[in-house]
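Architecture at a glance
Residue-level listing of the chains:
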Amino acid sequence: MYMKHAFEMPDPNKTLNFQSQRDCLFMSGEQCIVTQGVKSRFTSPINNTQQLVETVQQQLTKQPEGTLAFGVLPFCKTQQAHFIIPNKTTRWERPAISSWLKAELSTLNKKVNHIEAVTYLQNQAQFKSSVNAAKQLFSETTLEKIVLSKQVDLTFKDPINKELVLSQLLQQSRNGYHFSFPVNDHRTLMGVSPELLLAKHGPHVLSNPLAGSIPRAASAEQEAKHKKALFNSHKDRFEHAVVIEDMEKVLTPFCNTLDVPLEPSLLSTATMWHLSTELKGELQNQHTHILDIANKLHPSPALCGKPTQAAYSHILDLEKHSRDLFSGIIGWCDQHGNGEWVVVIRCAQLEKYQARLFAGAGIVSASEPALEWQETDAKLKTMLNALGLELKDIQQLSNLKEKAEL
Ligand SMILES: C=C(O[C@@H]1C=C(C(=O)O)C=C[C@H]1O)C(=O)O
């Protein structure tokens, strides 16, 4: 058992009564942490790790024993992290969550979300031209990998039922780290990330970076082909190796031992296959705060590139829109510096009528622009499905819009 904590156990006769504009949820394995109410909020810069750790620790030591802080760190190091100290925290086991889902789904208004407008912040032509620009940079500079992304805004006719979206996410993905975080009174960040940046419990640390991807297929025969193609792809193995090498470099000085498998394995989500490596370490100092390490791992080359600084400036230049919290990290920590932080992907920022979705792909010199666009489309499906939409729904609307604008 990786994480064991003394939280209040839920009353099995009560439902979760989850309110996405007020409560946080973080699901990991068989355990789901759910909060009720906001006791306090605070922010902290993330460009100074020591200051970040001290701020979180100062806020937590004022609180009763057992209090957790939930937070999200943006992609960009010049922006601020948001934290919440909840009024109440409860740990639910998976069966309890399943019964809540059943109860909740039977009472929720399951109205289909009627979509009115779709706006790509980076459309297909722009994305492909950015991939080509990146390929040019690989041949002219020391840049080896860059993660390029798109964001898409969806506008709905009626208010988005966020609790329903969350229950769909919990239902459709058995694996992964589900999260819901009220960024402010109007905006909730919600999704199911497959990628663990770092978990720490006492002296033990675990990281599970993913890089190198292929969409899932409909038939067992096709699935076998996709898995084999991904595992043997030089391009994807390179994308993956770049990430593991960097993560190992950051983790090594903190650890007495660090176990890094020689080859990746395959990990699946509801929509994708990924190359995956679990790095397991034993810390030299078990009191090292999780954010001390996590903020140094972030942004990893799984979300940024290699070398980090060069990739980062080219991302700003090529994407033209800030990623804000997308491809940041989200998680929680306790008063002893333990916790779990995952990468902010396969998610959306939900407002009353609007959802902003994000999807990126690692680009290397062997990348093909059309395939990378398809990969980001496949990654969008996680959130689209949770919103009750299909890829073709947003493609049709966006094609109509592009034609009208010509
Ligand atoms: C950027 C995303 O995913 C990241 C990129 C991956 C890749 O390029 O293969 C795989 C997993 C994530 O590290 C995303 O889902 O939006």
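Residues numbered from 1 in each chain as written. Predicted model: local features only at pLDDT ≥ 70, side-chain atom pairs only at ≥ 80, totals over all residues. Heavy atoms only, no water.

This next bit is on the packing of helix H1 (residues 49-61) against helix H7 (residues 290-297). H7 packs onto H1 with a crossing angle of 145° between their chain directions and a minimal axis gap of 9 Å. Relative to H7, the crossing made by H1 is right-handed. Contacts between H1 and H7 involve Thr-49, Leu-52, Val-53 and Val-56 from the former and Leu-291, Asp-292, Asn-295 and Lys-296 from the latter. Residue composition of the contact of H1 with H7, by class: four nonpolar, two polar and two charged. (Axes fitted to C-alpha atoms, helices over the stretch in contact; angles between N-to-C directions. Helix = DSSP H or I, 4+ residues; strand = E, 2+ residues; numbered from the N terminus. Left-handed = near helix turned anticlockwise from the far one by under 90°. Contact = heavy atoms within 4.5 Å. Nonpolar A, V, L, I, M, F, W, Y, C, P; charged D, E, K, R; others polar.)

Turning to the packing of aromatic side chains, a few remarks are in order. Applying the stated criterion across every chain, the model contains seven aromatic pairs. When the ring of Phe-26 is compared with that of Tyr-177, the centres are 6.3 Å apart and the planes differ by 40°; the resulting orientation is tilted. In this pair, Phe-26 is assigned in strand E1 (residues 25-28) and Tyr-177 in strand E7 (residues 177-182), connecting sequence segments 151 residues apart. Residue classification places Tyr-177 among the buried residues on the basis of a relative accessible area of 16%. Centroid distance Phe-42 to Phe-83: 4.9 Å. Interplanar angle 10°. Geometry classified as stacked. Of the two residues, Phe-42 is situated in strand E2 (residues 31-45) and Phe-83 in strand E4 (residues 80-93); the sequence distance between them amounts to 41 residues. Under the relative-accessibility criterion, Phe-42 is labelled buried at 8%. Residue class for Phe-83 comes out buried when judged on its relative accessible area of 1%. Here a set of aromatic residues connected by ring pairs shows up, and it is made of Phe-42, Phe-83 and Trp-341. Here the guanidinium or amino end of Arg-237 rests over the ring plane of Phe-231, the centre of that ring lying 4.6 Å away. (Phe/Tyr/Trp six-rings, centres within 6.5 Å; stacked < 30°, edge-to-face > 60°. Buried < 20%, exposed > 50% of the residue type's maximum accessible area, 1.4 Å probe, protein only. Lys NZ or Arg CZ within 6 Å of the ring centre and 35° of its normal.)

Let us now look at the packing of helix H9 (residues 369-386) against helix H10 (residues 391-405). It is at 9 Å that the axes of H9 and H10 come closest, and there the two elements cross at 110°. It follows from the interaxial angle that H9 and H10 lie roughly perpendicular. Mapping the contact onto sequence places Asp-377, Leu-380, Lys-381 and Leu-384 in H9 and Leu-391, Ile-394 and Gln-395 in H10. A breakdown of the residues in the contact of H9 with H10 according to their chemical character gives four nonpolar, one polar and two charged. (Parallel < 35°, antiparallel > 145°, perpendicular 65-115°, else oblique.)

As a further point, take the nonpolar core. Among soluble globular proteins, nonpolar side chains are generally buried collectively. Phe-83, Leu-189 and Leu-291 are the most contacted members of the largest nonpolar core, which has 59 residues in total. Among the elements that make up this core, the one with the highest residue count is H7 (five residues). Ranked by size, the runner-up nonpolar core spans 52 residues in total, among them Ala-134, Val-152, Leu-169 and Val-192. (Core = buried A, V, L, I, M, F, W, Y, C linked by side-chain atoms within 4.5 Å.)

With respect to spatial proximity, 18 residues lie near the ligand, and among them Glu-195, Ser-213, Arg-346, Gly-360 and Gly-362 are the closest. The contact in question runs from an oxygen atom of the ligand to an N or O atom on the side chain of Ser-213, over 2.5 Å. For the ligand, the accessible surface in isolation is 390 Å², of which the surrounding protein chains cover 100%. Placement of the ligand is best described as lying within the largest cavity. Of all elements in the fold, only strand E11 (210-215), strand E20 (354-363) and H9 reach the threshold of two or more residues within the shell around the ligand. (Near = heavy atom within 4 Å. Polar contact = N/O pair within 3.5 Å; in protein donor to acceptor, adjacent residues only side chain to side chain. Areas by Shrake-Rupley, 256 points an atom, 1.4 Å probe, with all protein chains shown as cover. 1 Å grid on protein atoms, 1.4 Å probe; cavity = no way out; pocket = protein on both sides within 12 Å on 5 of 7 lines; lining within 4 Å. Sits in = over half its atoms within 2 Å of the grid points.)

Turning our eyes to something else, we now look at H9. Turn by turn, an α-helix covers 3.6 residues, leaving residues three or four places apart pointing in a common direction. When the terminal C-alpha atoms of H9 are compared, their 27 Å separation across 18 residues agrees well with the 26 Å that a helix rising 1.5 Å per residue should span. At Leu-380, H9 shows its strongest bend, of approximately 30°. Along H9, 13 of the 18 residues are buried, which leaves the element largely enclosed by surrounding structure. Downstream of H9 by a residue or two, Gly-388 has a phi angle that is positive, lying close to 75°. (Expected span 1.5 Å × (residues − 1). Bend = angle between axes of the 7 residues up to and from the residue.)

Side chains that carry opposite charge are capable of pairing whenever their charged atoms lie near each other. All told, the structure shown has 17 salt bridges when counted by the stated rule. Notably, a salt bridge pairs Asp-292 with Lys-296, separated by 2.7 Å at the nearest N-O pair. In this pair, Asp-292 and Lys-296 both sit in helix H7, four residues apart, roughly one turn of the helix. On the basis of relative accessible area, Asp-292 is assigned to the partly exposed category, the value being 22%. In this structure, Glu-375 and Lys-379 form a salt bridge, with 2.8 Å as the shortest nitrogen-oxygen distance. Taken together, the residues Glu-375 and Lys-379, both in helix H9 and four residues apart, mark about one turn of the helix. The two residues Glu-375 and Lys-379 agree in class, both being buried. Within the structure, one salt-bridge network assembled from shared partners comprises Lys-235, Asp-236, Glu-239 and Glu-372. (Salt bridge = Lys/Arg side-chain N within 4 Å of Asp/Glu carboxyl O.)

In this section: the UniProt feature "domain: Chorismate-utilising enzyme C-terminal" (unreviewed entry) in the chain. Under the local residue numbering, the UniProt record ascribes the feature "domain: Chorismate-utilising enzyme C-terminal" (unreviewed entry) to residues 124-379. Taken end to end, residues 124-379 is 35% helix and 34% strand, and its two terminal C-alpha atoms sit 15 Å from one another. (UniProt positions renumbered as here; feature names shortened; annotations may be inferred.)

Right, let's talk about unusual backbone geometry for a bit. Each neighbour pair has its own omega, and for His-298 with Pro-299 the value is 0°, a cis peptide bond. Of note, Pro-299 is situated in the loop between H7 and strand E16 (305-306). Going from Lys-306 to Pro-307, the amide bond is cis rather than trans, its omega being -5°. Inspection of the secondary structure puts Pro-307 in the loop between E16 and helix H8 (308-319). Phi is positive for Lys-320, close to 70°, though the residue is something other than glycine. Secondary-structure assignment places Lys-320 in the loop between H8 and strand E17 (329-333). Taking relative accessible area as the criterion, Lys-320 reaches 64% and is therefore assigned exposed.

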